[in-house]
Amino acid sequence: FPRADVASIDYSTFAERFERRLAALGAEDVDGRITLAREAFDRRAYELALRAAEQAVVLDPTRTESRDLLRAI
């Protein structure tokens, strides 16, 4: 890529980016936590995935999607 086409380079780890994104979510953002949990699961960051999925279940225990994800992790 030509240098002029590169806006920025992020050297942070997935865990660091995960923590920033989780902290930026709204207090009731279940969908955001499920998305983060899926991304972490796909990257085999199971502890991070578990934390986000558990938070999603606490926020909305009726969502089968978050409970299924928690079981998969």
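The structure this text deals with has already been given above.
Okay, so let's go over this structure. (Residues numbered from 1 in each chain as written. Predicted model: local features only at pLDDT ≥ 70, side-chain atom pairs only at ≥ 80, totals over all residues. Heavy atoms only, no water.)

A word on the side chain of R33. Mapped onto the secondary structure, R33 falls in helix 2 (residues 30-42). Buried within the structure, R33 lacks any salt-bridge partner; D29 is the closest side chain of opposite charge, at an N-O distance of 5.4 Å. (Helix = DSSP H or I, 4+ residues; strand = E, 2+ residues; numbered from the N terminus. Buried < 20%, exposed > 50% of the residue type's maximum accessible area, 1.4 Å probe, protein only. Lys, Arg positive; Asp, Glu negative; His and termini not counted. Salt bridge = Lys/Arg side-chain N within 4 Å of Asp/Glu carboxyl O.)

Bringing a nonpolar patch on the surface into the picture now. Taken together, F1, V6, I9 and Y11 make up a surface patch of nonpolar side chains, about 590 Å² in accessible area. Topologically, F1 is positioned in the segment before helix 1 (14-24). (Patch = residues over 30% accessible without salt bridge, like charges linked within 9 Å, V, L, I, M, F, W, Y side chains within 5 Å. Areas by Shrake-Rupley, 256 points an atom, 1.4 Å probe, with all protein chains shown as cover.)

Applying the stated criterion across every chain, the model contains two aromatic pairs. Between F14 and F18, the ring centres sit 6.2 Å apart and the planes meet at 45°, which makes this aromatic pair tilted. Of this pair, F14 and F18 both sit in helix 1, separated by four residues, roughly a single helical turn. Taken as a pair, F14 and F18 share a single burial class, namely buried. (Phe/Tyr/Trp six-rings, centres within 6.5 Å; stacked < 30°, edge-to-face > 60°.)

Moving on: the packing of helix 1 against helix 2. For any two helices packed against each other, one specifies the crossing angle of their axes together with the interaxial distance. Where helix 1 contacts helix 2, the axes come no closer than 11 Å and their chain directions differ by 175°. By the criterion of interaxial angle, the relationship of helix 1 to helix 2 is roughly antiparallel. Residues F14, F18, R21 and L22 of helix 1 pack against R33, T35, L36, E39 and A40 of helix 2. Looking at the contact of helix 1 with helix 2 residue by residue, the classes come out as five nonpolar, one polar and three charged. (Axes fitted to C-alpha atoms, helices over the stretch in contact; angles between N-to-C directions. Parallel < 35°, antiparallel > 145°, perpendicular 65-115°, else oblique. Contact = heavy atoms within 4.5 Å. Nonpolar A, V, L, I, M, F, W, Y, C, P; charged D, E, K, R; others polar.)

Counting 16 residues, the largest nonpolar core has F14, F18, L36, A40 and L48 as its most contacted members. Residue assignment for this core shows that the elements contributing at least two residues are helix 1, helix 2 and helix 3 (46-59). Setting aside chain neighbours within four positions, we find A40 in contact with F14, F18, A45, L48 and A49. (Core = buried A, V, L, I, M, F, W, Y, C linked by side-chain atoms within 4.5 Å.)

At their nearest, the axes of helix 1 and helix 3 sit 11 Å apart, and the two run at 15° to each other. Of the possible angle classes, the one that applies to helix 1 and helix 3 is roughly parallel. As helix 1 runs across helix 3, the sense of the crossing is left-handed. Across the interface between the two elements, F14, A15, F18, E19 and L22 of helix 1 pack against L48, R51, A52 and Q55 of helix 3. Here the residues of the contact of helix 1 with helix 3 sort into six nonpolar, one polar and two charged. (Left-handed = near helix turned anticlockwise from the far one by under 90°.)

This part is about the environment of L36. Mapped onto the secondary structure, L36 falls in helix 2. Classification of L36 by relative accessible area gives buried; the value is 2%. Ignoring sequence-local partners within four residues, the contact set of L36 consists of F18, R21, L22, L25 and A52.

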